[in-house]
Amino acid sequence: MKCIKCKKEIPDNSTFCMFCGKKQTPTAHAVKKRGNGQGTVYKRGNTWTAEVTLGYYLDKNGKVRRKNRRKGGFQTKRDAIAYIETLRTSQQKPKTITFQTLWELYQRDEMQELSKNRQSKYRTAWAKIENDLAFRNVDDVTVSELQAVIDNVANTYHTKNSIKVLLSHLYKIAVRDDYTDRNRTQYIRLPALE
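The structure contained in this document is the topic of the report that follows. (Residues numbered from 1 in each chain as written. Predicted model: local features only at pLDDT ≥ 70, side-chain atom pairs only at ≥ 80, totals over all residues. Heavy atoms only, no water.)

Another point: the sheet that holds strand β3 (residues 64-74). Strand order in the open sheet made by the three strands is β1-β2-β3, with antiparallel pairing throughout. Of all the strands in the sheet, the pair left with one neighbour each is β1 (40-44) and β3. Going across the sheet, the axis of each strand differs from the next one's by a mean of 35°, ignoring polarity. Across nine bridges, strand β2 (residues 47-58) lies against β3 in antiparallel orientation. From the neighbouring strand, Val52 faces β3, where its bridge partner is Arg69. Lying on the sheet, helix α1 (residues 77-89) is in contact with β1, β2 and β3; it crosses β2 at an angle near 30°. (Pairing = 2+ DSSP bridges. Helix = DSSP H or I, 4+ residues; strand = E, 2+ residues; numbered from the N terminus. Axes fitted to C-alpha atoms, helices over the stretch in contact; angles between N-to-C directions. Contact = heavy atoms within 4.5 Å.)

Another aspect to go through is the layout of surface pockets. Computed from the structure, the largest pocket encloses a volume of approximately 160 Å³. Taken together, twelve residues line the largest pocket, and the ones lying closest to its centre are Gly37, Gly39, Thr40, Thr53 and Arg66. When residues of the lining of the largest pocket are assigned to their parent elements, the largest contribution, three residues, is made by β2. Residues of the lining of the largest pocket, tallied by class, amount to one nonpolar, seven polar and four charged. (1 Å grid on protein atoms, 1.4 Å probe; cavity = no way out; pocket = protein on both sides within 12 Å on 5 of 7 lines; lining within 4 Å. Points joined across faces, edges and corners; volume = space filled by probe spheres on them. Nonpolar A, V, L, I, M, F, W, Y, C, P; charged D, E, K, R; others polar.)

In this structure the tally under the stated criterion is five aromatic pairs. Between Trp103 and Tyr106, the aromatic rings sit 6.4 Å apart at their centres with planes inclined by 35°, giving tilted as the arrangement. Here Trp103 and its partner Tyr106 are both found in helix α2 (residues 99-109), three residues apart, which amounts to about one turn of the helix. For the pair Trp103 and Tyr106, a shared accessibility class is recorded, and that class is buried. The structure contains a cluster of three or more aromatic residues connected by ring pairs, namely Trp103, Tyr106, Tyr122 and Trp126. Taking NZ or CZ as reference, Lys8 lies 5.1 Å from the ring centre of Phe19, over its face. (Phe/Tyr/Trp six-rings, centres within 6.5 Å; stacked < 30°, edge-to-face > 60°. Buried < 20%, exposed > 50% of the residue type's maximum accessible area, 1.4 Å probe, protein only. Lys NZ or Arg CZ within 6 Å of the ring centre and 35° of its normal.)

Structural data, given as C-alpha cells:
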C-alpha cells in the first residue's frame, strides 16, 4: 500500500505512514446539521448571530437580492442555533401609518380627480376629525372610537356621511399599502336621513 501523502510504500493496514506520519484512514467529515434554507449562525466579534433567508427579490438595477432576517448578541453558538426557528416563524412588526399621512397621500394622489364641491366637502370633513385622529395610527383605532368621533363632531346626516366616506377613502389606501387588514368604516352607523 502507498501513503496517501508522500506516496511511499508502507505495510498494508498501516494506521500511520512511517515516513511522513500522515494518518492513512480517511477522517469522517462532520455531518451538516442544517440543510439548505434552514438558516445559519456565525460569530461577529465576541457574540454569535443567527440569520435566515426569507426570500429573494429584484432590486432597482435588476439584480437578485436576498431578504434576510438576523438577530445577534448570543453568547453561545447553541443559543443562536436554537433561535433560528424563532426567526423563521416570527412575523415582522407590521408597518404603521397615521391618518395625517393618509390624508396627505389622498390629497396628492386621488383628490385632484374630484369636483371642487366634493373636494370642499372632504376638506371640511377632515377639519372636523383632524384633532381627534390626525396623529393616531390607522391600525390602533377601533370601530367604536371612529363611531364616537363622528358622533361628537357632526350633528347632521350629510356631515356624518361625508366624514365616513372620507375615512373610507383613507382606509382603502391603508389596506392597499398593507398598513391595516380591513376597512373599519363599513361598520360605522349613520342616523336615518330625514
